Amino acid sequence: MWNMMCDVMPTISEDSISQRSSQFSGEDANFEQLMVSMLDERDKLVESLRETQERLNDSEVRLKDVEKERDSLQRQIAANLPQVKENFKKAVFSHWNY
């Protein structure tokens, strides 16, 4: 019975085990390096996103300030335009009367 078992079971050489082990070690190292690279890239992207969000927020604040300034200038123009028109008319008509 023992002889039949030896005939059926393939022989496993220690060299092939160590080759497989070193192959897995190399693959594990490559996988680990890949994961580290991916995590580094993710960190860079997250930092870039954060900086972009800050710039967007700053731009939105600046836009609101500029819109307020524009509205104020439009109100000033609207308030002063009738007086400017009247002064212009007086200047033009007085020039034609000479």
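All values reported here derive from a predicted model rather than from experimental measurement. Throughout, a residue's number is its position along its own chain's written sequence, starting from 1. Owing to the predicted nature of the model, reporting of local features is limited to residues with pLDDT of at least 70; listing and counting of side-chain atom pairs is limited to 80 or more, with chain, interface and lining totals taken over all residues. Note that the side-chain values use all heavy atoms of the structure and ignore hydrogens as well as water.

**Student:** So what exactly am I meant to see when it comes to a nonpolar patch on the surface here?
**Tutor:** Any residue with relative accessible area above 30% and no salt bridge may belong to a patch, with like charges joined within 9 Å and the nonpolar Val, Leu, Ile, Met, Phe, Trp and Tyr side chains within 5 Å. To measure how exposed things are, a 1.4 Å probe is used in the Shrake-Rupley method; for residues, cover is taken only from the protein chains shown. The salt bridge criterion pairs a side-chain nitrogen of Lys or Arg with a carboxyl oxygen of Asp or Glu, the two atoms within 4 Å. Taken together, the side chains of Phe 31, Leu 34, Met 35 and Met 38 define a hydrophobic patch exposed on the protein surface, amounting to about 400 Å² of accessible area. Each helix is a run of DSSP H or I of at least 4 residues and each strand a run of E of at least 2, with the numbering of both proceeding from the N terminus. Residue placement: Met 35 occurs in helix H2 (residues 14-96). Looking at Met 35, the relative accessible area reads 34%, which means it is partly exposed. Note on exposure labels: buried denotes an accessible area under 20% of the residue type's maximum, exposed denotes more than 50%, and partly exposed covers the range between, all computed with a 1.4 Å probe on protein chains only.

**Student:** Just to check I follow, could you spell out the pattern of salt bridges for this structure?
**Tutor:** Once their charged atoms are close, side chains differing in charge can pair, the charge on each being opposite to the other. Under the defined criterion, the tally for this structure stands at four salt bridges. A salt bridge links Arg 50 to Glu 54, with the shortest nitrogen-to-oxygen separation between them at 2.4 Å. With Arg 50 and Glu 54 both in helix H2, this residue pair falls four residues apart, about one helical turn. Among the residues examined, Glu 54 registers a relative accessible area of 40% and is labelled partly exposed. Ionic pairing is found between Asp 71 and Arg 70, a salt bridge with its closest N-O pair at 2.9 Å. Among the residues examined, Asp 71 registers a relative accessible area of 29% and is labelled partly exposed. In the salt-bridge network here, residues are joined through shared partners; they are Glu 47, Arg 50 and Glu 54.

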